[in-house]
Every structure is written in C-alpha cells, then in structure tokens.
Amino acid sequence: MCRRQLASWAEGRTLTGVRVIDEAVVRHKVSTRPSDKLEGGGGVLEGWVGCTAGAPIRHGKRLGWSFDDNGLLIHLGMTGRWVRRPASDPHPKSTRIGLVFGDEVLWMIDTRRFACVVPIPLGELDQAVRRGHGPDALLEPMGGSQLAAAFQTKRPIKVVLMEQKRIAGLGNIHAAEACFRARIWPKRPANALSSGDWDRLAQGIVTQLQTSVDDIDVGKESVYVSEGGENPFSVYRRAGRPCPDCGVVVVAEELAGRTTYWCPGCQPS
DNA sequence: GCGCATGTTAACTT
DNA sequence: GAAGTTAACATGCG
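The model shown is predicted, which means the values in this text are computed figures rather than measured ones. (Residues numbered from 1 in each chain as written. Chains lettered and ligands numbered in written order. Predicted model: local features only at pLDDT ≥ 70, side-chain atom pairs only at ≥ 80, totals over all residues. Heavy atoms only, no water.)

Novice: Talk me through the sheet that holds strand β6 (residues 95-101); I want residue IDs and the actual numbers.
Specialist: Across the sheet, which stays open at both edges, the four strands sit in the order β1-β6-β7-β5 with antiparallel pairing between neighbours. The sheet is open, and its two borders are formed by β1 (17-20) and β5 (80-86), each paired with just one other strand. Across this sheet, the average inter-strand angle for adjacent strands is 20°, counted without regard to direction. Note that β1 and β6 share four bridges and pair antiparallel. (Pairing = 2+ DSSP bridges. Helix = DSSP H or I, 4+ residues; strand = E, 2+ residues; numbered from the N terminus. Axes fitted to C-alpha atoms, helices over the stretch in contact; angles between N-to-C directions.)

Novice: I'd love a proper account of the packing of helix α6 (residues 172-182) against helix α7 (residues 195-217), names of residues and values included.
Specialist: Two elements in contact, α6 and α7, have axes whose closest approach is 8 Å; the angle formed by their N-to-C orientations is 125°. Taken as axis vectors, α6 and α7 run oblique relative to one another. Of the two possible hands of crossing, α6 and α7 adopt the one that is right-handed. Together, His174, Glu177, Ala178, Cys179, Arg181 and Ala182 of α6 and Arg200, Leu201, Gly204, Ile205, Thr207, Gln208, Leu209, Thr211 and Ser212 of α7 make up the contact between the two elements. Of the residues contributing to the contact of α6 with α7, the split by class is six nonpolar, six polar and three charged. (Parallel < 35°, antiparallel > 145°, perpendicular 65-115°, else oblique. Left-handed = near helix turned anticlockwise from the far one by under 90°. Contact = heavy atoms within 4.5 Å. Nonpolar A, V, L, I, M, F, W, Y, C, P; charged D, E, K, R; others polar.)

Novice: Which residues make up the nonpolar core, and what values do they have?
Specialist: One broad trend across soluble globular proteins is that nonpolar side chains are buried collectively. Formed by 26 residues in total, the largest nonpolar core has its most connected members in Trp65, Phe67, Trp82 and Phe101. Counting residues per element, this core draws most heavily on helix α1 (residues 2-10), at four residues. The next biggest cluster of nonpolar side chains, apart from the first, holds 25 residues, and it includes Leu147, Val160, Ile167 and Ala190. (Core = buried A, V, L, I, M, F, W, Y, C linked by side-chain atoms within 4.5 Å. Buried < 20%, exposed > 50% of the residue type's maximum accessible area, 1.4 Å probe, protein only.)

Novice: I'd like a description of helix α3 (residues 122-130), backed by residues and values.
Specialist: Within α3, burial applies to Leu125, Ala128 and Val129. On an axial view of α3, the arc spanned by its buried residues comes to 95°, and they lie on one face. Turned more than 90 degrees from where α3 packs its buried face, Gly123 and Asp126 sit exposed. The inward-facing, buried residues of α3 contact β2 (57-59), β3 (62-67), β4 (70-75) and β8 (116-121). Of the residues flanking the end of α3, it is Gly132, one or two places downstream, whose phi is positive at about 80°. (Arc of directions from axis to C-beta.)

Novice: Before we move on, could you go through the sheet that holds β3 and cite the residues and values that matter?
Specialist: Spatially, four strands are ordered β2-β3-β4-β8 in an open sheet, and the strand pairing comes out antiparallel. With one partner strand each, in any of the chains shown, β2 and β8 form the two edges of the open sheet. The mean inter-strand angle of the sheet, taken between neighbouring strand axes irrespective of direction, is 25°. Sheet topology note: the β4/β8 ladder contains six bridges and is antiparallel. Its bridge partner being in β8, Leu73 is matched across the sheet by Val118. Against the sheet, α1 makes contact with β2 and β3, and its axis sits at roughly 15° relative to β3, the strand it touches most. Contacting β2, β3, β4 and β8, α3 crosses the sheet at an angle of about 175° to β3.

Novice: An account of α1 is requested, with residue identities and associated values reported.
Specialist: Among the residues making up α1, those that are buried are Cys2, Leu6, Ala7, Trp9 and Ala10. Those residues of α1 hidden inside the fold are in contact with β3, β5, β6 and β7 (104-110).

Novice: Before we move on, could you go through the packing of aromatic side chains and cite the residues and values that matter?
Specialist: Tallying each qualifying case throughout the model produces six aromatic pairs. Each ring, one from Trp65 and one from Phe67, has its centre 4.9 Å from the other, and the planes form 55°; the classification is tilted. Their ring planes at 40° and their centres at 6.0 Å tell us that Phe151 and Trp198 sit as a pair that is tilted. Of the two residues, Phe151 is situated in the loop between α4 (144-150) and α5 (157-161) and Trp198 in helix α7; the sequence distance between them amounts to 47 residues. Among the aromatic residues, those joined into a ring-pair cluster are Trp48, Trp65, Phe67 and Phe101. Lying over the aromatic face of Phe151, Arg166 brings its terminal NZ or CZ to 5.9 Å of the ring centre. A cation sits over an aromatic face here: Arg183 above Phe180, 4.5 Å from the ring centre. (Phe/Tyr/Trp six-rings, centres within 6.5 Å; stacked < 30°, edge-to-face > 60°. Lys NZ or Arg CZ within 6 Å of the ring centre and 35° of its normal.)

Structure below.
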C-alpha cells in the first residue's frame, strides 16, 4: 500500500531536498538496530538531490525505490509510515527522514525506530530487496502444493507463515487472518495439513492481502488498529468477542512470542 | 508510576 | 541446522 502512495506522490518528480531528522535511520543493511547506521548516510542521501524518483517496487515488507542511478531499500518495521505534507509545515512527531519534492515533503514517521532506509547502487537493488526471502505472497502467489513443499516443518502453521524466507509479506495480523479464512487452527503443525487445507490456505493468503490493500485504498482500514475506528479484522485483537462468522468467542494465546487469535468454532483443533 | 503489550527482524543460545 | 529466546525502541493502557 505504501508503494502505491509513494508512486502516486512522487514517481517522476525531482528530489529537491532531503531532511535527515534521525541519522540512525539510514543503515548499511536492513536492520532493526540503530547501531547499524551508515556513517555519513545522511550526506549520501543529500547527494541525491536533483535525481528523479522512479517507480517503487515491493517484495514482501521491503520496498526498493530508484533515484536515477541510486537505489533506496526501505523497511518500515512495525510502526513506520509515510505522510505527505506541505514543505512549509513543521515535521510531525517521530519523523525520521523527509524527501522534498518541490513544495511537498514525504516524511517517514516511525515511533519505535525499527524502520530503516538503506542506500544501495541501483544495479544491486532488486537482489537486495529479495535477498533471503521467499516468493511475494501477493505478486507471486503459491498454490497449495507449492505451499506444502515450502512448509515442511512440524512447527505451528501460523508461526511459519510469518517466516519471510518461506513466503514474503505476512506478519502477525495477516498470518492469523489467513488461517481464519482457511479455517485452520493456527497451532496445527504445518506438516499435518491436508492438501485441501493447503489449497484453502493458498486462497486465504491472497484474499486476505488483497482485501486489506483494497480496504486501505478506500480508507476503510487504517494502518494501525489503535488509530481509532472499527477493528476491520475477523479475529485479530478480538479476544473475548464473538466470531463474526459463527459467534463463538475468539480466543488468544501467545505463539512464538506473538499474540495469536483464532475462533475455536471455525478453526477447531 | 509500574508492568505489560504493540504491527519486525536478526543475532543469539540451545 | 532447526527452533526458541532476546534485544533493539517508544508509546499507551490499566
């Protein structure tokens, strides 16, 4: 979704300024640690002024964006997002970096500082964006049999759905929602799923992600549940409330360090 | 005010 | 190696 925003806001426009608010967000590799910052990284980006923004590409949760011969790898972490503001306005709270295009600025905001941007030569950008990742869940959808082959482990299916090396793009929310759509118990060992389960899961993943992108596009779903408004998900953060499909109370349990939600009625063990 | 939870990742340890 | 744990961080909530 943020790829679409950046494309519509800046593709083809000339970068006229760079505002580095937090030097540590410019890293030498994708990392959640500010200690991996790229020394002089702010200056590197400032050297891109005058370049023209290309079309951003996405693979999983990573973005690649070209500025003439320069590539920028972007990961928004947990709380990162981009906003567009008039260049004359002050930057919002928790802003890390700003890309100026004439009278507008794109600010990258990230309260928890797990987001980062990585300058990379354009020729290496594509492989850097994909490195260590499986197929993109939405752009290169796997069929049931492909999923089964990629998930040969006894670990819980929801946990391994979040492993980017197997399939790229699913986090805690969408992994849980995809399991719900496929009517699969999240704790089920992956290698115990039937071919019918895999087929429903393959469909559930694509439907979940596509629905979410569409909802955000029309403003129905905010990026964060906490940002007020109705919780747009079926089970995520709905513990103790009735399942929208069958009315059974949704339950939550910690799985591999992440809170996991499911409906015991629709997703029986 | 304290403890805990929060959408991610990779570097650790076992 | 696979699998589990922890650390990196800031904020809001009860």
